Amino acid sequence: MATAERFRAAVENRDLSALDDLFTDDIRFYSPVKFRPFEGRRLVTGLFGVLYRTFEDVQYGGRLDGAAERGADGARATATALPFQATVKGRQIHGIDLLHFDGARRITEITVLIRPQSAVQIVAVAIHAGLLADGLLPAPVPAER
């Protein structure tokens, strides 16, 4: 089974171990809610744990294969775009997961695009809270008085 199909099955089945096996050690995840990418297999796999709790009823609807420039270095690489629909906090969203692969067909980068803008805001709050709860982001330091 192709890596993109294995990724799709892992997301739809909420299977973190299957997903982790698809990632390179230095994977980058470009999120619509954060300027800098999430980097490294541990953090990105943990992020998917948060995403699994945030996104409900994820359904992929097709697949586009080709090549695209990577965000990390601008080099063209084999890529697959997977359009999806999901529900977040009762709101329907549409999105695309853009996967980039290395020569061994492991995922080196994921770029996620979602719409509408109101969904991006809801997702940002939910993901930030989930990353804090899972210890994947440091707790904010209280301001001194």
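Right, let's walk through the structure included here. In this text, all values refer to a predicted model and were calculated from it rather than measured experimentally.

So, how was this worked out
- Residues numbered from 1 in each chain as written.
- Predicted model: local features only at pLDDT ≥ 70, side-chain atom pairs only at ≥ 80, totals over all residues.
- Heavy atoms only, no water.
- Helix = DSSP H or I, 4+ residues; strand = E, 2+ residues; numbered from the N terminus.
- Rg over C-alpha atoms; globule rule 2.2 N^0.38 Å.
- Buried < 20%, exposed > 50% of the residue type's maximum accessible area, 1.4 Å probe, protein only.
- Contact = heavy atoms within 4.5 Å.
- Pairing = 2+ DSSP bridges.
- Expected span 1.5 Å × (residues − 1).
- Arc of directions from axis to C-beta.

1. Some points on the overall build of the protein chain
Line of reasoning, step 1. Each helix and strand counted, the protein chain has four helices and seven strands in total.
Line of reasoning, step 2. Here the C-alpha radius of gyration of the protein chain, 15 Å, is about what a compact globule of 145 residues would show, namely 15 Å.
Line of reasoning, step 3. Considered along the principal axes of its C-alpha atoms, the protein chain spans approximately 55 × 30 × 25 Å.
Line of reasoning, step 4. Counting only residues that meet the buried cut, the protein chain has 42% of its 145 residues in that class.

2. A closer look at the environment of V33
Line of reasoning, step 1. Among the structural elements, V33 can be located in the loop between β1 (23-30) and β2 (38-39).
Line of reasoning, step 2. Taking the relative accessible area as the measure of exposure, V33 reaches 27% and is therefore partly exposed.
Line of reasoning, step 3. On a C-alpha basis, the gap between V33 and V123 in space is 7.5 Å, while along the polypeptide they are 90 residues apart.
Line of reasoning, step 4. Contact partners of V33, with chain neighbours within four places excluded, come to V120, V123 and A124.

3. Remarks on the pairing of strand β4 (residues 64-69)
Line of reasoning, step 1. In this structure, β4 lies alongside strand β5 (residues 76-88), joined through six bridges in antiparallel fashion. When the bridges of β5 are listed, A68 appears paired with A77.
Line of reasoning, step 2. The loop that links β4 with its antiparallel partner β5 comprises six residues; one of these, G74, has a positive phi angle of about 75°.

4. Things to note about the environment of L47
Line of reasoning, step 1. The residue L47 is located in helix α3 (residues 41-54) in this model.
Line of reasoning, step 2. With residues up to four places along the chain from it excluded, the contact list for L47 reads F29, F38, I127, L131 and L136.

5. Some remarks on α3
Line of reasoning, step 1. Under the 1.5 Å per step criterion, the end-to-end length of α3 is 20 Å for 14 residues, consistent within 8% with the ideal 20 Å.
Line of reasoning, step 2. The buried fraction of α3 is high, at 12 of 14 residues.
Line of reasoning, step 3. Buried within α3 are the following residues: R41, L43, V44, T45, G46, L47, F48, G49, V50, L51, Y52 and T54.

6. Brief notes about helix α1 (residues 3-12)
Line of reasoning, step 1. Of the positions making up α1, those classed as buried are T3, A4, F7, A10 and V11. The arc enclosing the buried residues of α1, seen along the axis, measures out at 125°, which places them on a common side.
Line of reasoning, step 2. At its buried positions, α1 is contacted by α2 (16-20), α3, β3 (56-60), β5, β6 (91-101) and β7 (107-115).
Line of reasoning, step 3. One or two positions beyond α1, positive phi appears at R14, with a value near 55°.

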